[in-house]
Amino acid sequence: MAVLTNCKPTNVFKYFEEICTIPHGSWNEKALSDHIYNWARGLGLDTIQDELFNLIIRKPATPGHEAAPTVIIQGHLDMVCEKNNDVDFDFTTQGLDIYVDGDYIKARGTTLGADNGIAVAMAMALLADKTLAHPAIEVVLTTVEEAGMDGAKAIDPTNLSGTRLINVDSENEGVFLSSCAGGARVRIALEITRQPLPAVDFVAYNISIGGLKGGHSGMDIAKERGNANKILGRVLNEIAAPYHLANIGGGSKDNAIPREAWATICAPSNAKQEIEALAATLAKEFEHGDGGLFVRIEETTKPQEVFSPTSQKQAIGLLLTLPSGVAHMSAALAGLVETSNNLGVVSIDDNVITYTCAVRSSVESRKYALIRQISAAAEAFGATAVPSDGYPGWAYSPNSELRDIFTTVYKAKYGKDAEILAIHAGLECGVFADKLPGLDMISFGPNMHDVHTPDERLSISSTANCYEFLKDVLAAMK
């Protein structure tokens, strides 16, 4: 039985629920892309699907709007796949378990994927509705946005004729974005050696960090939320008793502030009291910004091998010294984070520990300066750092006809001014600005909260407002 039957506008939420039934994490978008491709072809719309499963769907202008510039409606197909540790869920095979809670749509124990499934649903509703007034539309739905914007980078710009682009990947109704940060991933590899557990009277313990809010590594980085990987490094560094490290890990997505981390150690029994005391100190430190934090220590089975002393020092040293959080605030725009890094994932595979960072900045020179700082820290502890090609930022344009249309329609519809902001997060607008110089762009979207976490929720009423507003904007283009 459909869950969102009573949610308005009906078509938007019908398509959103449909999207939620099809797994569509980054690099797993083929099934959803195929579904939409076949659906659009069934409507008789000109549709292109490329090798990365990006979609371009064209709908002709309605009478009276033929002279208006073609407008691109753009969103991404993939979602961030995060779940609570106690939830048994496979994002590669299962549809989301969504439900309505008052004005919000949520998913049980997992991310909802409203970032950016709601853009896809709105685009499908626009394409299917034959009663709307609008200029020629090119709907562009990209893949792998959440893991490096590879889909947008692969789009062939010769397939696009639009000179205006509306990106539907923002999270605050009435706030129109006109600039965004660029970014890059840095993957650090540390080769470790292991040795047999020495014959000492030590106890094996699992240390777990959890209860944190997490959040989007761009939007939420300035909120002083705890980073579980960094907290784990501090705990491991502050244990005074001699111990042996056997395993570490934390986080699951580089663009999500990690909520959970863990380690296995072998230590004398008094280490448990040390860690419990430190847990109380940390809880006090985070009580106002991230009050759910816990540090737990539980006995476990003794491992056969542990890290060598050198590898243990290197592994913990990297956790301690890799920068994470805000590096610079903007001097030009009050309250805007300019440069940051998120130590999002720490994983171990055989004898290699990988530390994955997401660097963001609206100033390219500072982005690369931070990457060099991260690389220097890695080298100091015997690791190697490999930055990705990254993605460009989107510079503010003082003159924008599209922005003028948005603000005029908003003022007429609501009797108040919209906010025009820059954002410390990556939007595909930066990639499209590189591909199509002179492209006039704006980004907007409905209210959603705690994206990239299992607490993600989408406002039903705000979605309705934004969809009606988008229809008014398109009707105003003549």
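Model, not experiment: these values are computed from the prediction.

Chemist: Can you help me understand the overall build of the chain in this one?
Modeler: Looking only at helices and strands, the chain has 11 helices and 23 strands in total. Taking the principal axes of its C-alpha atoms as reference, the chain extends roughly 85 × 50 × 45 Å. Within the chain, the proportion of its 478 residues that are buried is 56%. Here the contacts in the chain between residues at least 6 apart in sequence split such that 79% fall between residues at least 24 apart. Total accessible area computed for the chain in this model is approximately 19300 Å², and 50% of it derives from carbon and sulfur atoms. Of the side-chain charges in the chain, 39 are positive and 59 negative, and the distance between the mean point of each set is 3 Å.

Chemist: Looking at this model, I keep getting lost on the side chain of Ser400. Mind explaining?
Modeler: Inspection of the secondary structure puts Ser400 in the loop between β19 (384-387) and α9 (401-414). Accessibility expressed as a relative area gives 5% for Ser400, which makes it buried. Within polar-contact distance, the side chain of Ser400 engages the backbone nitrogen of Arg403 at 2.9 Å. If we skip the residues at most four places from it in the chain, Ser400 touches Asp440 and Met441.

Chemist: I would appreciate a short explanation of helix α6 (residues 270-285) in the present structure.
Modeler: In an α-helix, one turn spans 3.6 residues, which is why side chains three or four residues apart end up on the same side. Between its terminal C-alpha atoms α6 stretches 23 Å, which fits the 22 Å expected from 16 residues at 1.5 Å a residue. Along α6, the positions that sit buried rather than exposed are Ala271, Ile275, Leu278, Ala279 and Leu282. Buried residues along α6 cover an arc of 115° about the axis, so they all sit on one side. Buried residues along α6 sit in contact with β11 (203-210), α5 (228-238), β13 (261-267) and β14 (294-299).

Criteria and thresholds
- Note on numbering: residues in each chain are counted from 1, in written sequence order.
- Where local features are concerned, this predicted model is filtered to residues with pLDDT of at least 70; where side-chain atom pairs are given and counted, the filter is 80 or more; whole-chain, interface and lining totals use all residues.
- Here the side-chain values reflect all heavy atoms present in the structure, with hydrogen atoms and water set aside.
- Where helices and strands are cited, they refer to DSSP runs of H or I of at least four residues and of E of at least two residues respectively, numbered from the N terminus.
- Each residue is assigned to one of three classes by its accessible area relative to the maximum for its type, calculated with a 1.4 Å probe on protein chains only: buried under 20%, partly exposed between the two thresholds, exposed over 50%.
- Contacts were defined at the residue level, with two residues in contact if any of their heavy atoms lie within 4.5 Å.
- Residue burial considers only the protein chains on display, and all accessible areas are found by Shrake-Rupley using a 1.4 Å probe.
- A residue counts as positive if it is Lys or Arg and as negative if it is Asp or Glu; His and the chain ends are not included.
- All charge positions are set by atom: Lys at NZ, Arg at CZ, Asp at CG, Glu at CD.
- Any N or O atom pair separated by 3.5 Å or less is treated as a polar contact, with the protein-specific requirement of one donor-capable and one acceptor-capable atom, and with residues adjacent in sequence counted only for side-chain atom pairs.
- By definition here, a helix of n residues has an expected span of 1.5 Å times n minus one.
- As used here, the arc belongs to the directions running from the helix axis to the C-beta atoms.

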